[in-house]
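Examination of the molecular architecture
The residues making up each chain are set out below.
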Amino acid sequence: MITAEPASGPIAETEPGRFREFRTNALWLWRYYTQFMRLAIITQFQYRAANYFYMIGMIAEPVVYLVVWSTIARTNGGSVGGFTPGTFAAYYIVWTLVRNINIVFTPFGWEQRIKDGELSGLLLQPIHPIHRDLAFFAGWKVIVIILWLPIAAALTLIFHPSLSPTVWQCVVFFLALWGAYLIRSMFLWALGLISLWTTRVSAIFQAYFMAELLLSGRLVPLTLMPKWARSLAGVLPFQSTFGFPITALTGPITDAQLWHGLLTQLWWIVVGGLIVKLMWRRGIRRFASVGG
Amino acid sequence: MTRPSPGWRDPDRAGSLRLAALFFRVGAQNELQYRLNFVVQLLQSILGVAAGLVGLAVVFAHTNNLGGWSRPQLLVVMGIFLMMNGITQAFIQPSMNLLIADIQKGTLDFPLTKPVDAQVLVSVRSVDIWQAADSLIGLIIVIVGLVQQDVAVHLVDIVSFVLLMLMGTVTIYCFWLMLASTAFWLIKTDEMQELFQGLYRTGQYPVGIYPGWLRYGITFVVPLAFAITVPAEALTGRLEHLALVGAAGLTLALLVISRLLWRKGLQRYGGASS
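Just so it is clear, the model here is predicted, and its values are computed rather than measured.

The rules we used
- Residues numbered from 1 in each chain as written.
- Chains lettered and ligands numbered in written order.
- Predicted model: local features only at pLDDT ≥ 70, side-chain atom pairs only at ≥ 80, totals over all residues.
- Heavy atoms only, no water.
- Helix = DSSP H or I, 4+ residues; strand = E, 2+ residues; numbered from the N terminus.
- Buried < 20%, exposed > 50% of the residue type's maximum accessible area, 1.4 Å probe, protein only.
- Contact = heavy atoms within 4.5 Å.
- Areas by Shrake-Rupley, 256 points an atom, 1.4 Å probe, with all protein chains shown as cover.
- Lys, Arg positive; Asp, Glu negative; His and termini not counted.
- Charge placed at Lys NZ, Arg CZ, Asp CG, Glu CD.
- Rg over C-alpha atoms; globule rule 2.2 N^0.38 Å.
- Polar contact = N/O pair within 3.5 Å; in protein donor to acceptor, adjacent residues only side chain to side chain.
- Buried area = accessible area lost by both parts, 1.4 Å probe.
- Salt bridge = Lys/Arg side-chain N within 4 Å of Asp/Glu carboxyl O.
- Patch = residues over 30% accessible without salt bridge, like charges linked within 9 Å, V, L, I, M, F, W, Y side chains within 5 Å.
- pLDDT = per-residue confidence, 0-100.
- Phe/Tyr/Trp six-rings, centres within 6.5 Å; stacked < 30°, edge-to-face > 60°.
- Lys NZ or Arg CZ within 6 Å of the ring centre and 35° of its normal.
- Axes fitted to C-alpha atoms, helices over the stretch in contact; angles between N-to-C directions.
- Parallel < 35°, antiparallel > 145°, perpendicular 65-115°, else oblique.
- Left-handed = near helix turned anticlockwise from the far one by under 90°.
- Nonpolar A, V, L, I, M, F, W, Y, C, P; charged D, E, K, R; others polar.

1. Points about the overall build of chain A
The helix and strand inventory of chain A stands at 11 helices and zero strands. Overall, chain A shows an N-to-C arrangement of helices and strands of α-α-α-α-α-α-α-α-α-α-α. The C-alpha extent of chain A, read off along each of the three principal axes, is 75 × 50 × 45 Å. Burial statistics for chain A: of 292 residues in total, 49% are counted as buried. Residue pairs at least 24 apart in sequence account for 78% of intrachain contacts in chain A once pairs closer than 6 positions are excluded. Surface summary for chain A: the accessible area is close to 14,600 Å², and the carbon and sulfur share equals 68%. Within chain A, the 11 negative side-chain charges are centred at a point lying 7 Å from the centre of the 22 positive side-chain charges.

Structural data, given as structure tokens:
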């Protein structure tokens with residue numbers, strides 16, 4: 001077979017040519033991502049004060065939970081459901097990092113994207129627009145983590161967390177952070193896409209966020225929730241975006257549970273990706289029909 | 001009797017109040033056209049309350065009192081938290097967000113050129129009446145909590161409660177005005193709302209459960225203790241008379257401080273044309 005020549009004519013359809021095409025695409029996508037991440041870093045670095053305001057507002061939430069549950073642990077003679085004030089502190093301080101990582105493009109932003117015509121611009125790009133959001137928010141995380149460090153240090157000094165993860169737990173935690181990021185990006189994107197069908201989305205979003213609050217480990221470690229809530233959480237994606245990454249680092253967790261958690265994340269990334277793909281394809285058809 | 005200075009320089013307070021009432025009425029009438037929004041908002045409030053109640057249920061599945069507060073009494077706190085939230089979101093926050101946007105865009109010129117006190121005008125310009133759905137549900141929860149608790153509530157408690165709620169509303173307004181005024185210096189302050197709402201969450205529980213430094217912070221820096229916990233104390237038989245005096249003092253102090261900060265910020269305002 002004569003396949004040594006690069007993409008030209010029908011020869012390009014053979015295997016090596018296709019591989020080359022894939023490699024060029026992957027390289028191109030990589031450049032696209034790194035460029036957008038850099039853009040995000042530069043943009044967000046200008047708004048340090050604004051980023052801090054946002055973060056302080058966000059930190060208040062876990063501090064409330066932490067104080068409430070530490071109080072309960074103390075009234076119960078030192079621990080509740082296996083948690084001491086120290087392990088609660090670890091849980092909710094790690095919570096702050098997980099939360100910072102899993103902040104993604106808000107579904108409430110879609111209304112504006114549609115109204116301002118920004119969506120039309122996105123449609124013109126030769127690439128699925130979710131890549132832009134994924135890249136931009138991933139870049140933003142660099143700034144977020146830098147700004148988070150002093151807050152984490154302060155919280156550590158105040159609340160004395162007891163945390164002693166193994167190296168393997170740290171590795172899984174790192175992977176799980178980005179797994180959580182991807183899952184939450186996809187699901188909130190899909191949620192936001194509902195705006196293409198109806199303008200009264202706020203109650204739907206609210207219902208979603210309430211379910212997430214209760215069934216993810218965001219409000220309270222899931223082990224403290226009643227059994228029915230835990231079984232429900234087991235079949236929903238929320239746990240993969242809060243409870244699992246947090247517990248991966250704070251423990252107590254077995255190796256089997258770590259693997260199971262990672263695989264579950266992978267499953268939800270695939271499911272989320274498919275939902276986005278399907279909704280996007282149907283949604284833009286609707287959008288075009290409204291606009292044209 | 002003639003006035004020494006023209007009215008627009010030194011507006012009489014009755015005029016300001018009339019103006020505020022007028023703006024609220026127009027704003028409310030505007031919103032009342034969109035009835036379905038009320039249903040949506042009510043649904044959202046109910047969802048929020050349901051999550052709050054589940055959270056409280058989880059807490060009380062593991063304990064029978066939180067820092068000395070029984071379950072019905074924490075319901076009272078939660079109800080007041082919601083009432084204040086509704087008032088803030090309906091009557092305070094919309095105008096403050098508009099103010100921040102105007103400072104950013106340089107369009108604050110318009111309210112500044114009107115012949116009334118600018119602070120009054122920027123504080124009453126926008127109303128989001130449906131957000132008050134939270135207040136309605138909050139009131140119901142307060143009543144449920146009061147019926148369930150085993151402390152008798154007297155008329156004097158209710159009067160103190162109403163007074164404290166009024167003062168609490170004023171303190172939250174002052175705090176918001178101070179937050180919004182920072183836009184004169186910081187310009188990009190879209191995150192103010194997030195900041196306020198985050199800090200506001202701490203009011204969900206009585207301040208007594210927080211460690212000392214934080215308790216101090218949400219009493220005097222962010223005046224949530226006097227806006228939520230202290231009114232709840234009035235209804236659960238814990239109020240000390242000194243707290244009423246303290247609330248009045250703090251309200252007055254914040255009124256003066258926020259006014260000064262607003263004035264100082266206004267001096268920095270460049271306007272759209274400069």
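2. Brief notes about the overall build of chain B
Helices and strands together make up the secondary structure of chain B, namely 12 helices and zero strands. When the helices and strands of chain B are placed in sequence order, the string is α-α-α-α-α-α-α-α-α-α-α-α. For chain B, whose C-alpha radius of gyration is 20 Å, the value lies close to the compact-globule estimate of 19 Å for 274 residues. For chain B, buried positions account for 49% of its 274 residues. Roughly 13,100 Å² of accessible area belongs to chain B as shown, and the carbon and sulfur atoms make up 65% of that amount.

3. Considerations on unusual backbone geometry
Residue and element names in this part refer to chain A. With an omega dihedral of -5 degrees, the bond running from Gly251 to Pro252 counts as a cis peptide bond. Structurally, the position occupied by Pro252 is in the loop between helix 10 (243-250) and helix 11 (255-291). Not every positive phi belongs to a glycine, and His160 is a case in point at roughly 45 degrees. Positionally, His160 belongs in the loop between helix 6 (130-159) and helix 7 (167-193). Assessed through its relative accessible area of 57%, His160 is described here as exposed.

4. With respect to the side chain of Ser160(B)
Residues and elements named next belong to chain B. With respect to the element layout, Ser160 can be found in helix 7 (residues 155-181). There is a polar contact of 2.6 Å between the side chain of Ser160 and the backbone oxygen of Val156. Those residues within four positions of Ser160 in sequence are excluded, and the remaining contacts are Ala234, Leu239 and Leu244.

5. Quick notes on the interface of chain A and chain B
Counting residues at the interface gives 33 residues for chain A, matched by 32 residues for chain B. Summing both partners gives a buried area of about 2,900 Å² for chain A against chain B, and 78% of it is carried by carbon and sulfur. Taking the shortest distance from any N to any O, the salt bridge between Glu61(A) and Arg201(B) comes out at 4.0 Å. Linking chain A with chain B are four residue pairs in polar contact (both at pLDDT 80 or more). Secondary structure elements with two or more residues in the side of chain A that touches chain B: helix 2 (48-75), helix 6 and helix 8 (202-215) of chain A. Tallying contributions element by element places helix 2 of chain A first for the side of chain A that touches chain B, with 15 residues.

6. As for a positive patch on the surface
A grouping of Lys277(A), Arg281(A), Arg282(A) and Arg285(A) is seen on the molecular surface, where their side chains present a positively charged patch. By the secondary structure assignment, Arg285(A) is in helix 11.

7. So, the confidence of the model for chain B
Confidence in the prediction of chain B, expressed as mean pLDDT, is 85, and 92% of residues score 70 or more. In the model, residues 1-11 of chain B has pLDDT below 50 throughout and makes six contacts with residues more than four positions away in sequence or in other chains.

8. So, a nonpolar patch on the surface
Together, Leu155(B), Ile158(B), Val159(B), Val162(B), Leu163(B) and Leu166(B) make up an exposed nonpolar region whose accessible area comes to about 560 Å². With respect to the element layout, Val162(B) can be found in helix 7.

9. Quick look at the pattern of salt bridges
Residues and elements named next belong to chain B. One pass over the full model with this rule turns up nine salt bridges over all chains. With a shortest N-O distance of 2.9 Å, Asp117 and Arg259 are connected by a salt bridge. With Asp117 in the loop between helix 4 (109-112) and helix 5 (118-124) and Arg259 in helix 12 (residues 241-268), the pair connects residues that are 142 residues apart, well separated along the chain.

10. Some thoughts on the packing of aromatic side chains
Throughout the structure, instances matching the rule amount to 36 aromatic pairs over all chains. Where Trp176(B) meets Phe196(B), the ring centres are 5.4 Å apart and the plane angle is 40 degrees; that geometry is what we call tilted. Placement of Trp176(B) in helix 7 and of Phe196(B) in helix 9 (residues 192-201) is noted, with a sequence separation of 20 residues between them. Each member of the pair Trp176(B) and Phe196(B) is classed as buried. Between Phe196(B) and Tyr200(B), the ring centres sit 5.7 Å apart and the planes meet at 25 degrees, which makes this aromatic pair stacked. One end of the pair, Phe196(B), and the other, Tyr200(B), are both in helix 9, four residues apart, so they sit about a helical turn from each other. Looking at Phe196(B), the relative accessible area reads 3%, which means it is buried. A relative accessible area of 2% means that Tyr200(B) is categorised as buried. Linked through ring pairs, Tyr65(A), Trp69(A), Phe83(A), Phe88(A), Tyr91(A), Tyr92(A), Trp95(A) and Phe242(A) together constitute an aromatic cluster. Taking the ring centre of Phe105(A) as reference, the NZ or CZ of Arg113(A) above it sits at 3.7 Å.

11. A few points about the packing of helix 3 (residues 71-105) of chain B against helix 11 (residues 224-235) of chain B
All names here are of chain B. One way to put it is that helix 3 packs onto helix 11 with a least axis distance of 9 Å and a crossing angle of 135 degrees. With respect to their mutual orientation, helix 3 and helix 11 come out oblique. In this structure, the crossing between helix 3 and helix 11 has a hand that is right-handed. Along the contact surface, helix 3 presents Val76, Val77, Ile80, Phe81 and Met84, while helix 11 presents Ala227, Ile228, Pro231, Ala232 and Leu235. Grouping the constituent residues of the contact of helix 3 with helix 11 by class yields 10 nonpolar, no polar and no charged.

12. What about the environment of Glu212(A)?
Residues and elements named next belong to chain A. Along the polypeptide, Glu212 turns up in helix 8. Here Glu212 falls in the buried class, since its relative accessible area comes to 1%. As for Glu212 and Leu236, which are separated by 24 residues in sequence, their C-alpha atoms are 9.2 Å apart.

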